[in-house]
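# Structure at a glance
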Amino acid sequence: MTTSSNPTPAAQAPPSSVLSLSVPVAMGYVPLGMVFGFLFVQAGAPWWLALTASVMVYAGASQFMMVPMLAAGLPLATIALATLVVNLRHVFYGLSLLDKLPTKPWARWYLVFALTDETYSVLTTLPAGTSTRQMVTVALLNQGWWVLGTLLGAVIGAQTHIGLVGLDFALAALFAVLAVEQWRGAHSAAPLWVAVTSYAIALTLMPQQALLLAIGLSVLAGLFWPATKTQKTTP
């Protein structure tokens, strides 16, 4: 009697769970994308250019920062430098995901491009056996929500002058949900307390650059934190 040599699916996230992982991101990305599309068109740009920015740039906060800079007629070099500074934190994200990123070049480069704060948070919760297709699908869905919101905001929002009061809280609420999910899925609460402590220190020392300093302090804490021993289970 022979036994099947196929790998057990327990280590892989089922296809249905990929969409469920992306739904919380959609709750923040769609309304925020609408705000970006609306503001971009209100700044005098055509609707298709807002859509192109969300497809080709896909930088979240940097896209919002780009709106007044474009309206003021600043040179592209200045906008590019400001975008680099705002997104510098993604360097630390990428370093912590080197072992998780797929080996296929096209998938690896797309995940590098699509690595936003929320996508990083979702990818770090995936099990070790997650396939390349599932990781790319999560990133594609997240970008799709942002592009959809941008399209709705640019085409519909610009025609009907809707109020944007309160929509800025959507991103904060999204981060709160992702932080809770990270906490529930972690074996220890130490990473959360390290992050909170690092930000408190950074906010005291450098309020204007608190986020960047807090990320650096968290990375240093992770480098010197004692490694946890994983328990091996016998079959």
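Preceding block: the structure.
Summarised in this report is the structure supplied together with it. What you see is a predicted model, and the numbers here were worked out from it, not measured in a lab. (Residues numbered from 1 in each chain as written. Predicted model: local features only at pLDDT ≥ 70, side-chain atom pairs only at ≥ 80, totals over all residues. Heavy atoms only, no water.)

### What to know about the packing of aromatic side chains
Applying the stated criterion across every chain yields a total of seven aromatic pairs. Pairing Tyr 58 with Phe 113 gives two aromatic rings, centres 6.2 Å apart and planes at 50 degrees, and the pair type is tilted. Taken together, the residues span a long stretch of sequence, with Tyr 58 in the loop between α2 (47–56) and α3 (61–71) and Phe 113 in helix α6 (residues 105–113) at a distance of 55 residues. With a relative accessible area of 33%, Phe 113 lands in the partly exposed category. (Phe/Tyr/Trp six-rings, centres within 6.5 Å; stacked < 30°, edge-to-face > 60°. Helix = DSSP H or I, 4+ residues; strand = E, 2+ residues; numbered from the N terminus. Buried < 20%, exposed > 50% of the residue type's maximum accessible area, 1.4 Å probe, protein only.)

### With respect to the environment of Phe 92
On the secondary structure map, Phe 92 appears in helix α5 (residues 90–96). Spatially, the C-alpha atoms of Phe 92 and Leu 212 are 9.9 Å apart, while their sequence positions differ by 120 residues.

### Topic: α6
Listing the buried residues of α6 in full gives Ala 107, Tyr 110 and Leu 111. With its buried residues spanning 100 degrees around the axis, α6 presents them on a single face. In α6, the exposed residues that point more than 90 degrees away from the buried face are Pro 105 and Trp 109. (Arc of directions from axis to C-beta.)

### Structural notes on the side chain of Thr 116
Examined against the element boundaries, Thr 116 turns out to sit in the loop between α6 and α7 (117–123). Since its relative accessible area comes to 7%, Thr 116 is described here as buried. At 3.0 Å, the side chain of Thr 116 forms a polar contact with the side chain of Thr 119. Not counting residues within four places of it along the chain, the set of residues in contact with Thr 116 comprises Tyr 29, Tyr 58 and His 90. (Polar contact = N/O pair within 3.5 Å; in protein donor to acceptor, adjacent residues only side chain to side chain. Contact = heavy atoms within 4.5 Å.)

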